[in-house]
Amino acid sequence: MRRVLLLSAVIVTALILQTTVFSEINLLGAKPELMYLLTICFAILEGPASGAITGFAGGMAQDFLLDAPKGITALTLTLLGYAVGTVRQFIVSPSPVTPVVLVAGGTFFGVLFYGVVSFLLGQLSTGWLYLLRVALLSAVYNAILTPLVYPLLRRAAEGSRSRRVAGW
Amino acid sequence: MAVRSRARSTRLLVVALVAVSLVTITIDYREGDDGPLASMGNAALTVISPLQEVVSKVTHPIGNFFSTLFRLPSIRHERDVLRERVDALETQLSETRSDQARLADLEALFGLRESLGPKVQTMAAQVIANGVSNFEWTIEIDKGSSDGMARDMPVIASSGLVGHVVQVGANSSRVQLIIDPDSFVAGRLDVSRQTGLLSGEGNQDLQMSLVESTAEVSPDERVVTAGYRIRDVAESLYPPNVLIGTVSRVLEQDAATEKFVTVRPAVDFSSLSLVLVVLSRDGGE
């Protein structure tokens, strides 16, 4: 229950931050993708199942809140969380840079995937070059934010785990 | 075994979530903007938008700060451009102001020229310098012999009589003001029709002599230039009926045969900028 509350709080916070603060702080015209960052961090911390659930919940929340085609972000982030969580299991000796690299790569491919799905549904209104540019920039942006966000989330996740409440 | 089953359940979970996502996408795609999902989205937006507003109010300055930080070079450039513009516009503004003042002067001079009559030929001139010495009350104007200037030509401003030309250069001339101690002007009191001779007293008011003691002179009476001749004393250089000034003081002297009258000049000689030179006049009185 604690974890559900934690996850909800984190997702709502991220959503609000995404639509308020970070809609104004541009990096060469691109915004960070906080939900991607969140999903990847949880996937690294908690494994593929948690990653998938976080991605699904966060994606759905974002889809319903933003006036976007619904479900695409949820699909993207579910797969992203699962994929990153799985990849993380194969990394034998993690270094402090590992989350940054995973966040950067995950965000890049996640945004690209989102673009491809949008395109297949006929919802992609921008060109491919723009998509590539946004994917790259938001990857860089998320990577910059990782050293700030990742420790916070780790502490929160560990705090909620120490109570030994049953997992998902 | 446990690990494997856990991995399988994870995979199952992911498949289920993906399936839900796909169903959502499909429903949303088919229903469009009127479907239940869209209205759910609107409801969610209604709930969260007040929150967003609050946070936005708090964080807007912070966000502003950061975006300003990122845009600093372009802002700096913008500032430089704007400064240049301000300078240019200020210059333009002051030019416009002086142009306007000049226009007002010229209009006044034009009115003066009309009042002198059609036979009088005049030329406008710009005052370029004030007198150089404390004992000479002169100005310099930007017209000289090449413009047809000659000695003794009368000079008039829109407010009244200024003086006459005493020295002519090629492109500039010196004008002796009527307040110069060496200047004498034949004047006439406007109401009492008495004539007299006005002599300069420097920075003090003009002194009017040769006024008969029997004349009734009231303060603030206007004094204008007289015609050409005052008996055998002097012959006037100036065209008639140009305002010289107003009577400032009348001193009755019982024993004397003339009155002591001082006249305040109508022209403010410290702020002259445009004057009219009378080149020639046909005939006379």
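Residues numbered from 1 in each chain as written. Chains lettered and ligands numbered in written order. Predicted model: local features only at pLDDT ≥ 70, side-chain atom pairs only at ≥ 80, totals over all residues. Heavy atoms only, no water.

*Asks:* Please set out the sheet that holds strand E9 (residues 222-225) of chain B residue by residue, giving values where relevant.
*Replies:* Residue and element names in this part refer to chain B. The antiparallel closed barrel is built from six strands, whose spatial order is E6-E7-E8-E13-E12-E9. Going from strand to strand, the sheet's axes swing by 40° on average, the running direction of each strand aside. By the bridge criterion, three bridges tie strand E7 (residues 195-199) to strand E8 (residues 206-212) in an arrangement that is antiparallel. Counterpart to Leu197 in the pairing with E8 is Ser209. (Pairing = 2+ DSSP bridges. Helix = DSSP H or I, 4+ residues; strand = E, 2+ residues; numbered from the N terminus. Axes fitted to C-alpha atoms, helices over the stretch in contact; angles between N-to-C directions.)

*Asks:* Describe the pairing of strand E5 (residues 173-177) of chain B, listing the residues and the values that go with them.
*Replies:* Residues in a regular strand project their side chains so that they alternate between the two faces of the sheet. Residues and elements named next belong to chain B. Of all five residues in E5, four are buried; the element is thus mostly enclosed. Where strand E2 (residues 138-141) and E5 come together, four bridges link them in antiparallel fashion. Each bridged residue has a counterpart across the sheet, and for Ile139 the counterpart in E5 is Val175. Bridging between strand E4 (residues 160-168) and E5 involves five bridges; their strand directions are antiparallel. In the sheet register, Val168 faces E5, and the bridge partner there is Ser173. (Buried < 20%, exposed > 50% of the residue type's maximum accessible area, 1.4 Å probe, protein only.)

*Asks:* Give a detailed account of the confidence of the model for chain B, specifying residues and quantitative values.
*Replies:* Keep in mind that low pLDDT regions are not for reading the predicted coordinates in detail. When pLDDT is averaged across chain B, the result is 81; 90% of the residues are at 70 or more. Two numbers describe this predicted complex: its pTM, 0.51, and its ipTM, 0.78. (pLDDT = per-residue confidence, 0-100.)

*Asks:* How would you summarise the nonpolar core if you had to cite specific residues and measurements?
*Replies:* Met35, Leu38, Ile40 and Leu153 of chain A are the most contacted members of the largest nonpolar core, which totals 52 residues. Among the elements of the structure, helix H1 (2-19), helix H2 (34-46), helix H3 (48-65), helix H4 (72-90), helix H5 (98-120) and helix H6 (128-161) of chain A together with helix H1 (2-31) and helix H2 (36-70) of chain B are those that each provide at least two residues to this core. Broken down by element, this core gets its largest block of residues, 11 residues, from H2 of chain A. Sequence-distant contacts of Ile40 of chain A, that is, excluding residues within four places in its chain, are made with Leu80, Val84, Leu102, Val103, Gly106 and Thr107 of chain A. (Core = buried A, V, L, I, M, F, W, Y, C linked by side-chain atoms within 4.5 Å. Contact = heavy atoms within 4.5 Å.)

*Asks:* Go over the pairing of strand E1 (residues 121-130) of chain B, please, and point to the residues and values.
*Replies:* Residue and element names in this part refer to chain B. The sheet contact formed by E1 and strand E14 (residues 274-280) spans six bridges and is antiparallel. Among the inter-strand pairings, Met123 is bridged to a residue of E14, identified as Val277. In this sheet, E2 lies alongside E1 in antiparallel orientation, the contact comprising three bridges. Within E2, the residue paired with Val127 across the bridge is Ile141.

*Asks:* Mind laying out the interface of chain A and chain B, listing which residues take part and the relevant values?
*Replies:* In this assembly, 28 residues from chain A lie in contact with 31 residues from chain B. Carbon and sulfur atoms supply 77% of the area that chain A and chain B bury against each other, a total of about 2,600 Å² over both sides. Counting every contact that joins chain A to chain B gives zero salt bridges. Inspection of the chain A/chain B interface yields one residue pair in polar contact (both at pLDDT 80 or more). Counting only elements with at least two residues in the side of chain A that touches chain B, the list comes to H1, H3 and H4 of chain A. In terms of residue class, the side of chain A that touches chain B is built from 20 nonpolar, six polar and two charged. (Buried area = accessible area lost by both parts, 1.4 Å probe. Salt bridge = Lys/Arg side-chain N within 4 Å of Asp/Glu carboxyl O. Polar contact = N/O pair within 3.5 Å; in protein donor to acceptor, adjacent residues only side chain to side chain. Nonpolar A, V, L, I, M, F, W, Y, C, P; charged D, E, K, R; others polar.)

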